[in-house]
Amino acid sequence: MPVISPSALSSPVSRAVAANDAAASVPAVLREKVRRLERANSAQRRGRAASVKLGIPAIDALLPEGGLLTGALHEIEAGPGPSGRVAPHDGAAMGFAAHLLGRFGPGTILWCRHASGPSDATPYAPALSSWFDPARLLMVMSRRDEDLFWAMEEGLRCPGIAAVLGETRAADPTAGRRLSLAAEKSGVPALLLRAQPGPPQSVCATRWRIISAPSASTPGLTDVGAARWRVELRRNRFGTPSADEIPSWLVEWNDETHCLAVVPQALHGPAGARFEERLVG
């Protein structure tokens, strides 16, 4: 004869409360481990790597799986300049975002923007060519932040997309959760590029703050050296905890090798100690 469980006669509300209590009893570390496995399986089903190396060993060593997770949401925010203000369009943050986009392999790069005004120009294609082929870029312009988040979410579901980037100032927790879930399901990385710091609470896997740093000119010359950025890892959800201090690196772009490298400590002392410095990037 059929057996009826007592829980089957309980109300939907009581069953939901019981389910929440059961989920709360599962350690947070175990839940995060299961989500990482699900993300890796989703990426493998679509022929993608679970993580992609940034090419900077000092940074890759702190990231889960030794690199930037593909099926996840990542945030990049601009840091304050020498004057203490954050520029509306920061070249350092955009350059770092382009560097990440170029690491995610072949396919179309979907770039969604919410123009702030008539003078807001699109990214300069010849400059982006240092990191990836501009022919891969599909630019979407939106009038509202809601449309931008919708376009990003739809792009994460489309085949042939290598990565999705959204350039916005808005902070929508609900949209962030939807983007994170869509990225996990598709295995496609999602990036949010902000000109201003985002909210402290976020579902992003990593959050980066990029600040322009003085470049070093050739001794005896007045040329402009390679672009340098101060990279701060302000959130590392699945990687090595960094609660005591925020890891920070001074990196320099190499036009010959097309990669970033950490500047040795001996080469970035006080301004004027070894080289004449100028702010570029």
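Residues numbered from 1 in each chain as written. Predicted model: local features only at pLDDT ≥ 70, side-chain atom pairs only at ≥ 80, totals over all residues. Heavy atoms only, no water.

To continue, consider the pairing of strand 6 (residues 161–167). The buried count for strand 6 comes to seven of seven residues, which makes it a mostly enclosed element. Examined bridge by bridge, strand 4 (residues 108–114) and strand 6 share six bridges and lie parallel to one another. Considered in strand 6, the bridge of Cys 112 is made with Gly 166. Direction of pairing for strand 6 relative to strand 7 (residues 190–194): parallel, over a ladder of four bridges. Within the sheet, the bridge partner assigned to Gly 166 lies in strand 7 and is Leu 192. On the question of chirality, the crossover connecting strand 6 to the parallel strand 7 by way of helix 7 (residues 173–186) is right-handed. (Buried < 20%, exposed > 50% of the residue type's maximum accessible area, 1.4 Å probe, protein only. Helix = DSSP H or I, 4+ residues; strand = E, 2+ residues; numbered from the N terminus. Pairing = 2+ DSSP bridges. Right-handed = clockwise from strand over helix to strand, strands pointing away.)

Next up on the list: the side chain of His 74. On the secondary structure map, His 74 appears in strand 3 (residues 73–78). Classification of His 74 as buried rests on a relative accessible area of 1%. Within polar-contact distance, the side chain of His 74 engages the backbone oxygen of Leu 69 at 2.7 Å. Apart from residues no more than four positions distant in its own chain, His 74 is found in contact with Leu 68, Leu 69, Ala 190, Leu 191, Leu 192, Cys 204, Ala 205 and Thr 206. (Polar contact = N/O pair within 3.5 Å; in protein donor to acceptor, adjacent residues only side chain to side chain. Contact = heavy atoms within 4.5 Å.)

Right, let's talk about the packing of aromatic side chains for a bit. Two measures describe an aromatic ring pair: the distance that separates the ring centres and the angle between the ring planes. Enumeration over the complete set of coordinates arrives at three aromatic pairs. Relative to Trp 208, the ring of Phe 96 has its centre 5.5 Å away and its plane inclined at 50°; by these criteria the two rings are tilted. With Phe 96 in helix 4 (residues 91–101) and Trp 208 in strand 8 (residues 206–216), this pair connects stretches of sequence that are 112 residues apart. For Phe 96, a relative accessible area of 1% gives the class buried. Geometrically, the ring pair formed by Trp 131 and Trp 253 is tilted, given 5.4 Å between the ring centres and 50° between the ring planes. Of this pair, Trp 131 sits in the loop between helix 5 (125–128) and strand 5 (137–142) while Trp 253 sits in strand 10 (residues 248–254); the two residues are 122 residues apart in sequence, bridging distant segments of the chain. (Phe/Tyr/Trp six-rings, centres within 6.5 Å; stacked < 30°, edge-to-face > 60°.)

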